[in-house]
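Coordinate analysis (summary)
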Number of protein chains: 2
Amino acid sequence: MHSTPGPLPPLNAVRAFEAAARLGSFTRAAQELSMTQAAISYQIKQLEQRLGVMLFQRLPRKIVLTRDGERLAPAILDAFSGLRTAFAQALSRAHNELAITSLPTIASNWLVPRLGGFHLAHAEVAVRLDTSITLADLQQGEFDVAIRSGRGDWPGHTAHFLLPSLITPLMSPRLRDAAGGLKSPADLLKLARIGRPRWWQQWFEENGVDVAETALRASLDLGIEQYEITAAIAGQGVAISSPLFFRAELESGQLVQPFAHVARDSKDYWLVYATTRAKSHAITAFRTWLLREARAEVPAD
Amino acid sequence: MHSTPGPLPPLNAVRAFEAAARLGSFTRAAQELSMTQAAISYQIKQLEQRLGVMLFQRLPRKIVLTRDGERLAPAILDAFSGLRTAFAQALSRAHNELAITSLPTIASNWLVPRLGGFHLAHAEVAVRLDTSITLADLQQGEFDVAIRSGRGDWPGHTAHFLLPSLITPLMSPRLRDAAGGLKSPADLLKLARIGRPRWWQQWFEENGVDVAETALRASLDLGIEQYEITAAIAGQGVAISSPLFFRAELESGQLVQPFAHVARDSKDYWLVYATTRAKSHAITAFRTWLLREARAEVPAD
DNA sequence: CCGACGTATAAAATCAGCTTATGCATTCGA
DNA sequence: TCGAATGCATAAGCTGATTTTATACGTCGG
């Protein structure tokens, strides 16, 4: 009694009908859709044959909707208008949201203090920041950009160099004074060391200090540099970390850098995003702003 | 500042998204659209690349809409739902309307008295009847079916034989009596003749009466048979028309058929409709009903 | 009466979209 | 714990729908 809804007619034909009905002309519809008039004519005919109903009355120099066409047009126009605004809105929102995933250290010690400036410059962009050590998949769409450490070679992604990963011992001035004169890097071996053994090894090696691995293993590795620096400030040992990230503590005198030598880890910090999304407004705005901030940070680089 | 709406993404990709979002599965979407899962996957990827946004999060054995997908889906589902009902309704209405264009004679004297029966049998079909001598173009969609006289050969159209075009003199009994004994067809030459000269000529010839063309030209040609019959009933002359169409007048005695011979014009009456629309419910219902009525009319044919 | 305009149509070219075949990761069942 | 089943991704290749090109037709306007 009641036939099933059945599949929709070919959608390209429907689009041609929509444009022709709205513009009242095959020629103009063709222009709008960047096609030829012949293509519109063909598509409309296809649709009419499929529906078994004439949609336009072909008059000498114009077309007029038939009774059936007139009946169909409003709903089709509505639907297409809905589609257009849906895509426009969704994209505009998508392009004005920025989900950042960042390593905790650079996030709390470098990014967060500056993010306010980005918001001032781009109030239209809503920012969401996620800090975690796990490597989020930028292709999955959960995050728009990441701040990662590495070598900048992530296939399918675009990476911009941000900051070098600098490492140098940092300690509380009280500990330094208590340790007496720290004349050479080797003197640090007497103190408790906090932070990644690999970094300590690299720094010592670059200073000509040969260290037994066992000695390095004895260091306190808390995993999160923020904690390590907190421990260092408390005088519990010497941390090894980036002077860039703890400039505030250095300037306020909570921390001191006992030796001038700064080593550089091979893994720098990069801004990364999926190459397919490079055109997103939020991403381009953030990239421009962030790279300028980074360049201001290490102008000598 | 505000980018133009821009063209819609490829609609086939949008359709794939709609189905996948609604069904929550590429595989099921493929089933619904009678395609393969690979095709859905391809289309969704196309759409995502076009939009520069991931729409689904691919999890091991399922997919989940991303934030952006979730944002897009409701409006897309709405729009497609609108399209579906629009087509369904328009088609249902189109298939339940019947616009008939008919020659006036057969319309008023044969079709109209029977149309009530069609309406009883098919109350769902709304009927509109247009009577005119002009030959409406069935391809233009203004009319669904036509009742035409001719030979049944209209390219692009399907034609069903309805009734023969019969012609025989008809007159009022009073005129017949006044004319005295009408023994042979030639006696009619003495009376005023009403109707198409060509028909008179044919009928006379088939009865072996040789008539000068001039005599035939003198007949009264009113163009519309209804008028001619009215004139005949008033006793103003002898009309030549179809006994089928004026059976009521013959039975009531208003008209008489003075001679048994009935000529047959080469142009019969046909039910005609555009072949492309043969599947329309209204048309098929009307065809079935009308052919049965016509067969009941001339069972001997 | 001629040129411009808007549509229809035929033939030929193209390319988007589909299928087939396969791989991979996970879940489920035993 | 293992194998089968499930669901999505990907590559390669084909096909036919769609588009363009070229042309014709009918009307309107000057």
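The shown structure was predicted, so the numbers you read here are calculated from the model rather than taken from an experiment.

**Here's the deal with the protein's contact with DNA strand D**
- Around DNA strand D, a shell composed of 19 residues is seen, among which Thr36 and Gln43 of chain A together with Thr27, Lys45 and Arg58 of chain B lie nearest.
- The sugar-phosphate portion of DNA strand D accounts for 69% of its atoms within 4 Å of the protein, the bases making up the rest.
- Note that a phosphate oxygen of DNA strand D is positioned 2.6 Å from one of the side-chain N or O atoms of glutamine 43 of chain A.
- Separating a phosphate oxygen of DNA strand D from a side-chain N or O atom of lysine 45 of chain B is a distance of 2.6 Å.
- When residues of the surface near DNA strand D are traced back to their parent elements, those giving at least two are α3 (37–51) of chain A together with α2 (26–32) and α3 (37–51) of chain B.
- Grouping the constituent residues of the surface near DNA strand D by class yields eight nonpolar, seven polar and four charged.

**Quick word on the pairing of strand β5 (residues 145–150) of chain A**
Residue and element names in this part refer to chain A.
- Of all six residues in β5, five are buried, a share of seventy percent or more.
- Across three bridges, the pairing between strand β3 (residues 97–102) and β5 is parallel. By the bridge assignment for β5, threonine 101 is matched with alanine 146.
- Pairing of β5 with strand β11 (residues 268–274) involves six bridges; the strand directions are antiparallel. Looking at the pairing, valine 145 lines up with tyrosine 273 of β11.

**Let's talk about the domain arrangement of chain A**
- Each assigned domain of chain A is listed here: domain 1 (11–88), domain 2 (96–158 + 268–297) and domain 3 (166–264).
- Put simply, the middle of domain 1 of chain A and the middle of domain 3 of chain A, counted by C-alpha atoms, are 73 Å apart.

**Considerations on the sheet that holds strand β8 (residues 238–241) of chain B**
- With respect to topology, seven strands assemble into an open sheet ordered β4-β3-β5-β9-β6-β8-β7 (chain B), the strand pairing being mixed. Every other strand in the sheet has two partners, leaving β4 (126–131) and β7 (193–194) of chain B as the edge strands with one partner each.

**Overview of empty space enclosed by the protein**
- Going through the model one piece at a time under the given rule, you end up with five cavities of 30 Å³ or more.
- The calculated volume of the largest cavity comes to roughly 90 Å³.
- What lines the largest cavity is simply Arg67, Asp68 and Arg71 of chain A together with Ala94, Glu97, Ala99, Arg128, Gly141, Glu142, Phe143, Asp144 and Arg277 of chain B.
- For the lining of the largest cavity, the elements supplying multiple residues, two or more each, are α4 (67–95) of chain A together with β3 (97–102) of chain B.
- When residues of the lining of the largest cavity are assigned to their parent elements, the largest contribution, three residues, is made by α4 of chain A.
- Considered class by class, the residues forming the lining of the largest cavity number three nonpolar, one polar and eight charged.
- Contributing to the lining of the second largest cavity are Thr101, Ser102, Leu103, Ser132, Ile133, Thr134, Leu135, Ala136, Ala146, Ile147 and Arg148 of chain B.
- The residue inventory of the lining of the second largest cavity, partitioned by class, reads six nonpolar, four polar and one charged.

**What to know about the packing of aromatic side chains**
- Summed over the entire model, instances satisfying the criterion amount to 22 aromatic pairs over all chains.
- On the numbers, 5.6 Å between centres and 25° between planes, the contact of tryptophan 200 of chain A with phenylalanine 204 of chain A is stacked. Within this pair, tryptophan 200 of chain A and its partner phenylalanine 204 of chain A are both found in helix α7 (residues 197–206), separated by four residues, close to a single helical turn.
- Of the residues examined, phenylalanine 204 of chain A reaches a relative accessible area of 0% and is grouped as buried.
- With a centroid separation of 5.9 Å and 50° between ring planes, the pair formed by tryptophan 203 of chain B and phenylalanine 259 of chain B is classed as tilted. Of this pair, tryptophan 203 of chain B sits in helix α7 (residues 197–206) while phenylalanine 259 of chain B sits in the loop between α10 (247–252) and β9 (263–274); the two residues are 56 residues apart in sequence, bridging distant segments of the chain. Phenylalanine 259 of chain B matches tryptophan 203 of chain B in its accessibility class, with the two residues each being buried.
- An aromatic cluster is present here, built from Trp200, Trp203, Phe204 and Phe259 of chain A joined pairwise through their rings.
- Positioned over the ring face of tryptophan 154 of chain A is arginine 148 of chain A, at 5.6 Å from the centre of the ring.

**Side note on the sheet that holds β11 of chain A**
Residue and element names in this part refer to chain A.
- The five strands lie next to each other as β4-β3-β5-β11-β6, forming an open sheet whose pairing is mixed. Each edge of the sheet is formed by a strand with only one pairing partner; in this case those strands are β4 (126–131) and β6 (157–163). Averaged over all pairs of adjacent strands, the angle between strand axes in this sheet comes to 25°, irrespective of strand direction.
- Strands β3, β4, β5, β6 and β11 of the sheet are contacted by helix α5 (residues 104–121), whose axis makes an angle of about 170° with β4.

**A few points about the protein's contact with DNA strand C**
- Neighbouring DNA strand C are 20 residues, the closest being Thr27, Ser41 and Arg58 of chain A together with Thr36 and Gln43 of chain B.
- Put simply, 70% of the atoms of DNA strand C that lie within 4 Å of the protein are in sugar or phosphate.
- Contact distances for DNA strand C include 2.8 Å between a phosphate oxygen and a side-chain N or O atom of serine 41 of chain A.
- Arginine 61 of chain A has a polar side-chain atom sitting 3.2 Å from a sugar or linking oxygen of DNA strand C.

**Section: the nonpolar core**
- Within the largest apolar cluster, 62 residues are counted, with the highest numbers of intra-cluster contacts made by Phe17 and Phe56 of chain A together with Phe17 and Phe56 of chain B.
- Residues within four places of phenylalanine 56 of chain B in sequence aside, it is in contact with Phe17, Ala20, Ala21, Phe26, Ile44, Glu48, Ile63, Val64, Leu65 and Thr66 of chain B.

**Digging into the side chain of serine 241 of chain B**
Residues and elements named next belong to chain B.
- Mapping serine 241 onto the fold places it in strand β8.
- A distance of 2.6 Å separates the side chain of serine 241 from the side chain of glutamate 225, its partner in a polar contact.
- Here serine 241 is in contact with Leu166, Ile167, Thr168, Leu170, Glu225, Ile229 and Phe246, once residues within four sequence places are set aside.

**Focus on the interface of chain A and chain B**
- Contacts between chain A and chain B engage 40 residues on the former and 40 residues on the latter.
- Ranking the residues of chain A by area buried against chain B places Leu8, Arg71 and Phe87 of chain A at the top, with a combined share of 17%.
- Put simply, chain A and chain B have two salt bridges between them.
- Between glutamate 97 of chain A and arginine 71 of chain B there is a salt bridge; the shortest N-O distance is 3.0 Å.
- Where chain A touches chain B, the interface holds five residue pairs in polar contact (both at pLDDT 80 or more).
- When residues of the side of chain A that touches chain B are traced back to their parent elements, those giving at least two are α1 (11–23), α3, β1 (56–59) and α4 of chain A.
- Sort the elements by how many residues they give to the side of chain A that touches chain B and α4 of chain A lands first, with 17 residues.
- Taken together, the residues that form the side of chain A that touches chain B break down as 18 nonpolar, 10 polar and 12 charged.

**Brief notes about the pattern of salt bridges**
- A full pass over the atoms with the stated rule returns 26 salt bridges over all chains.
- Here arginine 84 of chain B ties to glutamate 18 of chain B by a salt bridge, and the two come within 2.7 Å at their closest N and O atoms. Linking arginine 84 of chain B in helix α4 (residues 67–94) with glutamate 18 of chain B in helix α1 (residues 11–23), this pair joins segments that are 66 residues apart in sequence.
- Classification of arginine 84 of chain B as partly exposed rests on a relative accessible area of 27%.
- Given the relative accessible area of 2%, glutamate 18 of chain B is considered buried.
- Linking aspartate 177 of chain B and arginine 176 of chain B is a salt bridge whose minimum nitrogen-to-oxygen distance equals 3.3 Å.
- Taken together, the shared-partner salt bridges connect Glu18, Arg22, Glu32 and Arg84 of chain A into one network.

The rules we used
Residues numbered from 1 in each chain as written. Chains lettered and ligands numbered in written order. Predicted model: local features only at pLDDT ≥ 70, side-chain atom pairs only at ≥ 80, totals over all residues. Heavy atoms only, no water. Near = heavy atom within 4 Å. Polar contact = N/O pair within 3.5 Å; in protein donor to acceptor, adjacent residues only side chain to side chain. Helix = DSSP H or I, 4+ residues; strand = E, 2+ residues; numbered from the N terminus. Nonpolar A, V, L, I, M, F, W, Y, C, P; charged D, E, K, R; others polar. Buried < 20%, exposed > 50% of the residue type's maximum accessible area, 1.4 Å probe, protein only. Pairing = 2+ DSSP bridges. Domains from an automatic or database assignment. 1 Å grid on protein atoms, 1.4 Å probe; cavity = no way out; pocket = protein on both sides within 12 Å on 5 of 7 lines; lining within 4 Å. Points joined across faces, edges and corners; volume = space filled by probe spheres on them. Phe/Tyr/Trp six-rings, centres within 6.5 Å; stacked < 30°, edge-to-face > 60°. Lys NZ or Arg CZ within 6 Å of the ring centre and 35° of its normal. Axes fitted to C-alpha atoms, helices over the stretch in contact; angles between N-to-C directions. Contact = heavy atoms within 4.5 Å. Core = buried A, V, L, I, M, F, W, Y, C linked by side-chain atoms within 4.5 Å. Buried area = accessible area lost by both parts, 1.4 Å probe. Salt bridge = Lys/Arg side-chain N within 4 Å of Asp/Glu carboxyl O.

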